Amino acid sequence: MAHTQDWQVSLHLSEEEGMTKAHAVMDLGGTEISGQGVARRNPHDRDIPEIGDELAAGRAMNDLARKLLSVARTDIEGVAHPGP
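Everything numeric here is computed off the predicted structure, so don't read it as measured data. (Residues numbered from 1 in each chain as written. Predicted model: local features only at pLDDT ≥ 70, side-chain atom pairs only at ≥ 80, totals over all residues. Heavy atoms only, no water.)

1. Side note on the overall build of the protein chain
Phase 1 of the analysis: The helix and strand inventory of the protein chain stands at 1 helix and 3 strands.
Phase 2 of the analysis: Radius of gyration (C-alpha) of the protein chain: 17 Å, far over the 12 Å computed for a compact globule of 84 residues.
Phase 3 of the analysis: Each principal axis of the C-alpha distribution contributes one length, and for the protein chain these read about 60 × 25 × 20 Å.
Phase 4 of the analysis: Expressed as a percentage of its 84 residues, the buried residues of the protein chain come to 19%.
Phase 5 of the analysis: In the protein chain, 38% of the contacts between residues at least 6 apart in sequence involve partners at least 24 apart.
Phase 6 of the analysis: Carbon and sulfur atoms form 53% of the exposed surface of the protein chain, whose accessible area is close to 6,600 Å².
Phase 7 of the analysis: Here the protein chain contributes 8 positive and 14 negative side-chain charges, whose respective centroids are spaced 7 Å apart. (Helix = DSSP H or I, 4+ residues; strand = E, 2+ residues; numbered from the N terminus. Rg over C-alpha atoms; globule rule 2.2 N^0.38 Å. Buried < 20%, exposed > 50% of the residue type's maximum accessible area, 1.4 Å probe, protein only. Contact = heavy atoms within 4.5 Å. Areas by Shrake-Rupley, 256 points an atom, 1.4 Å probe, with all protein chains shown as cover. Lys, Arg positive; Asp, Glu negative; His and termini not counted. Charge placed at Lys NZ, Arg CZ, Asp CG, Glu CD.)

Here it is as structure tokens:
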């Protein structure tokens, strides 16, 4: 039997004083996982907001991916070694 799902990810970016923050949230249909990312601009570099957005968003998504893999590992362990 085929199994399909749609999981939604929202990504919020904010910038202040040379620092871009990203907050990613994935809705797994009853459970949410979130990731954080930050990018800081070197004061000597040109101010190109898109680069900070990309770095912060990528880092937030990477954090989210690590957390999702951790959830999967926990679920696998629960199936492989069920409790009493």
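2. A look at the side chain of Thr-20
Phase 1 of the analysis: Position of Thr-20 relative to the elements: it lies in strand β2 (residues 19-27).
Phase 2 of the analysis: In contact with Thr-20, not counting residues within four places along its chain, are Ser-14, Glu-15, Gly-37, Val-38, Ala-39, Gly-52, Asp-53 and Ala-56.

3. Concerning the side chain of Asp-63
Phase 1 of the analysis: Examined against the element boundaries, Asp-63 turns out to sit in helix α1 (residues 49-80).
Phase 2 of the analysis: Residues within four places of Asp-63 in sequence aside, it is in contact with Ser-34, Gly-35 and Gln-36.

4. A short note on a nonpolar patch on the surface
Phase 1 of the analysis: Together, Val-9, Leu-11, Leu-13 and Met-61 make up an exposed nonpolar region whose accessible area comes to about 290 Å².
Phase 2 of the analysis: By residue number, the principal contributor to the nonpolar patch is strand β1 (residues 8-16), which donates 3 residues.
Phase 3 of the analysis: With respect to the element layout, Val-9 can be found in strand β1.
Phase 4 of the analysis: Taking the relative accessible area as the measure of exposure, Val-9 reaches 36% and is therefore partly exposed. (Patch = residues over 30% accessible without salt bridge, like charges linked within 9 Å, V, L, I, M, F, W, Y side chains within 5 Å. Salt bridge = Lys/Arg side-chain N within 4 Å of Asp/Glu carboxyl O.)

5. Details of the sheet that holds strand β3 (residues 32-40)
Phase 1 of the analysis: Strand order across the open sheet formed by 3 strands is β1-β2-β3, with antiparallel pairing between neighbours. In the strand order of this sheet, the two ends are held by β1 and β3, each with one partner. Across this sheet, the average inter-strand angle for adjacent strands is 15°, counted without regard to direction.
Phase 2 of the analysis: Pairing analysis gives 9 bridges linking β1 to β2, with the strands arranged antiparallel. Bridge pairing in β2 places Glu-15 opposite Thr-20.
Phase 3 of the analysis: Docked against the sheet, α1 engages β1, β2 and β3, running at close to 145° with respect to β3. (Pairing = 2+ DSSP bridges. Axes fitted to C-alpha atoms, helices over the stretch in contact; angles between N-to-C directions.)

Such coordinate-based values are descriptive only and should not be taken to indicate function.
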